[in-house]
Amino acid sequence: MQTIFVQFKCLSGAAYDVADLIVRSLEETSEIYSTSGHYDLLAKFYLPKDADIGHFVTSKLQTIEGVKDTFTLVTFKAFA
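Residues numbered from 1 in each chain as written. Predicted model: local features only at pLDDT ≥ 70, side-chain atom pairs only at ≥ 80, totals over all residues. Heavy atoms only, no water.

Undergrad: Account for the side chain of Thr-3, naming residues and giving values.
TA: Note on placement: Thr-3 falls in strand β1 (residues 2-10). Not counting chain neighbours up to four residues away, the residues in contact with Thr-3 comprise Lys-44, Phe-45, Tyr-46, Leu-73, Val-74 and Thr-75. (Helix = DSSP H or I, 4+ residues; strand = E, 2+ residues; numbered from the N terminus. Contact = heavy atoms within 4.5 Å.)

Right under this line is the structure:
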């Protein structure tokens, strides 16, 4: 499993709709939060080990209506 975090910058007033759509339509979604600062949302996704992260982000996330920009963080090791 690969874990990625993606921050979303949304069109004005669209953050809650974007979050709702992500939760309902993408099974890879683990968690999503509204945030303050440069981005409106922060989401955690679990992808299969052989998944193409770039393709997931560009085809499934950046194409969501209301998404203006994304910033992706690829993780290496979880410390619990």
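Right, picking up where we left off after that structure.
Undergrad: Break down the nonpolar core for me, citing the residues and quoting the values.
TA: Nonpolar side chains in soluble globular proteins tend to be buried together. Within the largest apolar cluster, 20 residues are counted, with the highest numbers of intra-cluster contacts made by Ile-4, Phe-8, Val-18, Phe-45 and Leu-61. Elements with a contribution of two residues or more to this core: β1, α1 (15-25), β3 (41-47) and α2 (53-61). Those residues within four positions of Leu-61 in sequence are excluded, and the remaining contacts are Val-6, Phe-8, Leu-26, Phe-45, Phe-56 and Val-67. (Core = buried A, V, L, I, M, F, W, Y, C linked by side-chain atoms within 4.5 Å. Buried < 20%, exposed > 50% of the residue type's maximum accessible area, 1.4 Å probe, protein only.)

Undergrad: For the sheet that holds strand β2 (residues 29-34), give the residues involved together with the corresponding values.
TA: Sheet strands pair by backbone hydrogen bonding; their relative direction is either parallel or antiparallel. If you walk across this open sheet you meet the 4 strands as β2-β3-β1-β4, and the pairing is antiparallel. Of all strands in the sheet, those bounded by a partner on one side alone are β2 and β4 (67-74). On average, adjacent strands in this sheet sit at an angle of 20 degrees to one another, irrespective of strand direction. Strand direction decides the pairing type here: β1 and β4, joined by 7 bridges, are antiparallel. Paired with Cys-10 across the two strands is Val-67, which belongs to β4. (Pairing = 2+ DSSP bridges. Axes fitted to C-alpha atoms, helices over the stretch in contact; angles between N-to-C directions.)

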